[in-house]
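Examining the three-dimensional arrangement
Read off the chains here:
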Amino acid sequence: MPKPVLRVPRSIWRASGSVEGERAIPEETAVAFTFNTASYAVMMATPQDLKDFAVGFSLTEGVISSIEAIEGIDIVEEEMGIELRIWLKAPQAAEFLGRRRKMAGPTGCGLCGVESLVEAMRPPPEVGDGPLFTPDQIMTAVDSLYPLQALNQETRAVHAAGFWEPERGLVAVREDVGRHNALDKLAGALASEHATAAQGLVVLTSRVSIEMVQKSAMIGAAVVAAVSAPTALAVRMAEACGMTLVAIARKDGFEVFTHPQRVKGERVTHVA
């Protein structure tokens with residue numbers, strides 16, 4: 001199986017001259033998803049936490065509604081990549097085969113190859129009430145992610161998705177060259193523990209696009225916090241599904257774009 005990190009030779013050029021050395025960079029591998037031998041998707045991803053990837057992708061794409069629908073997962077290394085063979089139980093397999101689609105997604109692409117505008121704009125489920133968070137708790141959750149981004153600290157080239165709870169802190173972190181993949185892996189990790197994101201906070205190192213909102217809603221996240229800005233479509237989708245969307249989280253604060261009622265003690269300042 002490919003290693004998630006490689007060390008490659010490179011030259012460093014500076015004003016003072018040049019020097020030879022090595023650099024740690026993340027691997028990027030084609031990962032194919034099949035369900036009961038039917039092809040579904042090919043994603044470019046980091047080859048680690050692949051079982052979590054298989055489970056989480058199946059959930060956030062709506063192929064299954066519960067991990068209990070999966071009978072087994074085979075991780076098969078092929079000449080040109082990795083195949084995740086996901087075996088669904090009979091009722092779910094029959095339903096899937098009736099509405100199968102194919103797509104091919106490069107790194108960071110969550111909507112490539114979908115067959116219709118309706119499918120691309122599918123409304124996610126409405127999220128539940130969820131817990132309330134203080135501004136300090138949100139900042140603590142965001143700050144707690146970086147120290148546990150082992151792959152990014154080595155390569156400076158991958159995204160992370162984490163899940164934080166007030167009582168336990170950061171429960172799980174997953175990393176990948178693709179931001180959607182990192183979130184899918186986190187979804188799989190939570191599902192494997194028979195948990196949802198309903199009672200905590202999903203933290204993202206990336207910008208928030210529509211598919212990040214859709215995937216977060218699919219795992220029950222009522223609050224999502226990201227270090228980068230959202231797109232306008234993501235804001236509209238978060239508003240529609242009842243999600244509190246926190247973004248542009250920095251050391252000195254953050255911005256709340258939708259459903260601010262879940263942020264306790266928020267100070268409202270009017271900016272011209």
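1. Details of unusual backbone geometry
For Arg 156, which is not a glycine, the phi torsion comes out positive at approximately 55°. Its place among the elements puts Arg 156 in the loop between α5 (150-155) and β8 (159-165). Even without being glycine, His 259 reaches a positive phi, approximately 45°. Considering the arrangement of structural elements, one finds His 259 in the segment after β13 (253-258).

2. Concerning the pattern of salt bridges
Scanning the entire structure with this criterion turns up nine salt bridges. Salt-bridge contacts for Arg 85 lead to Glu 78; the nearest nitrogen and oxygen are separated by 3.4 Å. Its relative accessible area of 37% is what places Glu 78 among the partly exposed residues. With its nearest N and O atoms 2.9 Å apart, the salt bridge here joins Arg 168 to Glu 165. The buried category is assigned to Glu 165, whose relative accessible area is 13%. Ionic contacts of the salt-bridge type, sharing partners, join the residues Asp 49, Asp 52 and Arg 174 into one network.

The rules we used
Residues numbered from 1 in each chain as written. Predicted model: local features only at pLDDT ≥ 70, side-chain atom pairs only at ≥ 80, totals over all residues. Heavy atoms only, no water. Helix = DSSP H or I, 4+ residues; strand = E, 2+ residues; numbered from the N terminus. Salt bridge = Lys/Arg side-chain N within 4 Å of Asp/Glu carboxyl O. Buried < 20%, exposed > 50% of the residue type's maximum accessible area, 1.4 Å probe, protein only.

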